[in-house]
Amino acid sequence: MTEAAQHLRDTKTILDAIVERLRAVKLSDAEDAVAFERVELFDLADWEDALRRLAANQQRSAIVIWAGEDWEHERELTVLTSRRSQSFEVMISERRLDNPVSALTGDDRSPGVVGLKDQVAKALTGILLDDTAEGESDAVYLTVQTIQRGVLSTDDKKKDPGRQVLILSVQSAGEWLQTAVSDNEAYA
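Computed from a prediction, not measured in an experiment: that's the story for all the values here. (Residues numbered from 1 in each chain as written. Predicted model: local features only at pLDDT ≥ 70, side-chain atom pairs only at ≥ 80, totals over all residues. Heavy atoms only, no water.)

Caption draft 1: Seen up close, the overall build of the protein. Helices and strands together make up the secondary structure of the protein, namely five helices and eight strands. Starting at the N terminus, the α and β elements of the protein follow one another as β-α-β-α-β-β-α-α-β-β-α-β-β. By the burial criterion, 44% of the 188 residues in the protein qualify as buried. Sequence separation of at least 24 residues holds for 63% of the intrachain contacts in the protein that already meet a minimum separation of 6. (Helix = DSSP H or I, 4+ residues; strand = E, 2+ residues; numbered from the N terminus. Buried < 20%, exposed > 50% of the residue type's maximum accessible area, 1.4 Å probe, protein only. Contact = heavy atoms within 4.5 Å.)

Caption draft 2: Structural context of the pairing of strand E3 (residues 60-76). In the sheet, strand E2 (residues 38-42) pairs with E3 via five bridges, with the strands oriented parallel. When the bridges of E3 are listed, Val 39 appears paired with Ala 62. As paired elements, E3 and strand E4 (residues 79-95) share 16 bridges and run antiparallel to each other. Looking at E4, one finds that Glu 76 is bridged to Val 79. (Pairing = 2+ DSSP bridges.)

Caption draft 3: Structural detail: helix H4 (residues 112-124). Its 13 residues place the ends of H4 18 Å apart at the C-alpha level, agreeing with the 18 Å of an ideal helix rising 1.5 Å per residue. Turning to H4, its buried residues are Gly 112, Val 113, Gly 115, Leu 116, Lys 117, Gln 119, Val 120 and Leu 124. (Expected span 1.5 Å × (residues − 1).)

Caption draft 4: Region of the structure containing the nonpolar core. Counting residues in each nonpolar core, the largest one holds 28 residues, and the members touching the most others are Ile 18, Leu 22, Phe 36, Val 90, Ile 92, Val 120 and Leu 124. Secondary-structure elements contributing two or more residues to this core are helix H1 (11-23), E3, E4, H4, strand E5 (126-129), strand E6 (140-150) and strand E7 (163-173). The leading source of residues in this core is H1, at six residues. The contact partners of Leu 124, leaving out residues within four places of it in the chain, are Ile 18, Arg 21, Leu 22, Val 90, Leu 142 and Val 170. With six residues, the next largest nonpolar core counts Ile 63, Ile 65, Met 91 and Ile 167 among its residues. (Core = buried A, V, L, I, M, F, W, Y, C linked by side-chain atoms within 4.5 Å.)

Caption draft 5: Here's a closer look at unusual backbone geometry. Not every positive phi belongs to a glycine, and Leu 77 is a case in point at roughly 45°. For Leu 77, the position within the fold is in the loop between E3 and E4. By relative accessible area, Leu 77 is classed as exposed at 77%.

Written out as structure tokens, the structure reads:
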């Protein structure tokens, strides 16, 4: 068996591209100000610590977490094609000490996490990486799978009142590799 084609990206490259895309998100379509004061990668090992870190950060922040990957395999006579999709969690937050409800729904001062998630979903959905012009790799696409409320503990709420958190589950697509599974001159 000889590998015929590999169109996989380094996971860190995808993570970095997501972070850069989030750093460019604007507060709204009408405003030029960036949405997040801080965007960073975080480890999935401790959700509570990630939520605490969000709570300790600036007014608006985002944390990106690699959450895992799935593989699908298809065999065609002499070739096995494997497709990879990776999962990422994007935790976004806003803090409004003066009005916790506005931290969720927004007002004339800020979009709230509901408005932020709309901007993030638009920014992340579609082509994330595309080097097809160079002929080396296919494009990597992102789609939003689910959006859920993040829940701060009672202690965290006392330490950081007015903080609202949403978690966007995002999935990548477009990565694949092929491997010969029998003798065939095309894969020698």
